[in-house]
Amino acid sequence: PLSPIEHFAKLFGSGDAGQFFYILYHNETTHEDGSNANGYGEEAATDQGPAEAEYDGDVEGTLRRLYLLGTQSSLAGLRREEATVAGRARADGGHAGWLPRLPAVPQDLPL
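The sections below set out a description of the structure shown in this document.

Membership of the largest hydrophobic core is limited to six residues, which are Phe 20, Tyr 25, Ala 51, Tyr 55, Leu 99 and Leu 102. Ignoring anything within four residues of it in the chain, the contact list for Tyr 55 reads Tyr 25, His 26, Thr 62, Trp 98 and Leu 99.

Below, the structure is given as structure tokens:
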């Protein structure tokens, strides 16, 4: 039997030709030198990957999107800006991560 990660990788593809799928994205890992350790979550030199680097690079933007955009949030009716990456391919948006694929909360709204 396949693990869930292996199943998702088979279903969504990998590399530039694959589709972006957030679970696979959150399981990608890198070596300390930044090179790709593996496709999805096998042993790596560190537990860091592109998702951690993306979130660490924009902590406020990450929190705005995740806390204020949830469909179950009492703030779900807030106006939103369009996502900057609309495509589903992993290579879309210059290999954009997860955040550019989510609608942005306008900067004039309080946290």
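In total, this model carries six aromatic pairs according to the counting rule given. Aromatic pair Phe 8 and Phe 12: ring centres 6.4 Å apart, planes at 50°, arrangement tilted. Taken together, the residues Phe 8 and Phe 12, both in helix 1 (residues 4-12) and four residues apart, mark about one turn of the helix. Look at Phe 12 and you get buried, because its relative accessible area is 17%. Ring centres 5.4 Å apart and planes at 55° place the aromatic pair Phe 21 and Tyr 22 in the tilted group. Overall, Tyr 22 belongs to the partly exposed group, its relative accessible area being 41%. Taken together, Phe 8, Phe 12, Phe 21, Tyr 22 and Trp 98 form an aromatic cluster joined through their ring pairs.

Conventions used here
Residues numbered from 1 in each chain as written. Predicted model: local features only at pLDDT ≥ 70, side-chain atom pairs only at ≥ 80, totals over all residues. Heavy atoms only, no water. Core = buried A, V, L, I, M, F, W, Y, C linked by side-chain atoms within 4.5 Å. Buried < 20%, exposed > 50% of the residue type's maximum accessible area, 1.4 Å probe, protein only. Contact = heavy atoms within 4.5 Å. Phe/Tyr/Trp six-rings, centres within 6.5 Å; stacked < 30°, edge-to-face > 60°. Helix = DSSP H or I, 4+ residues; strand = E, 2+ residues; numbered from the N terminus.

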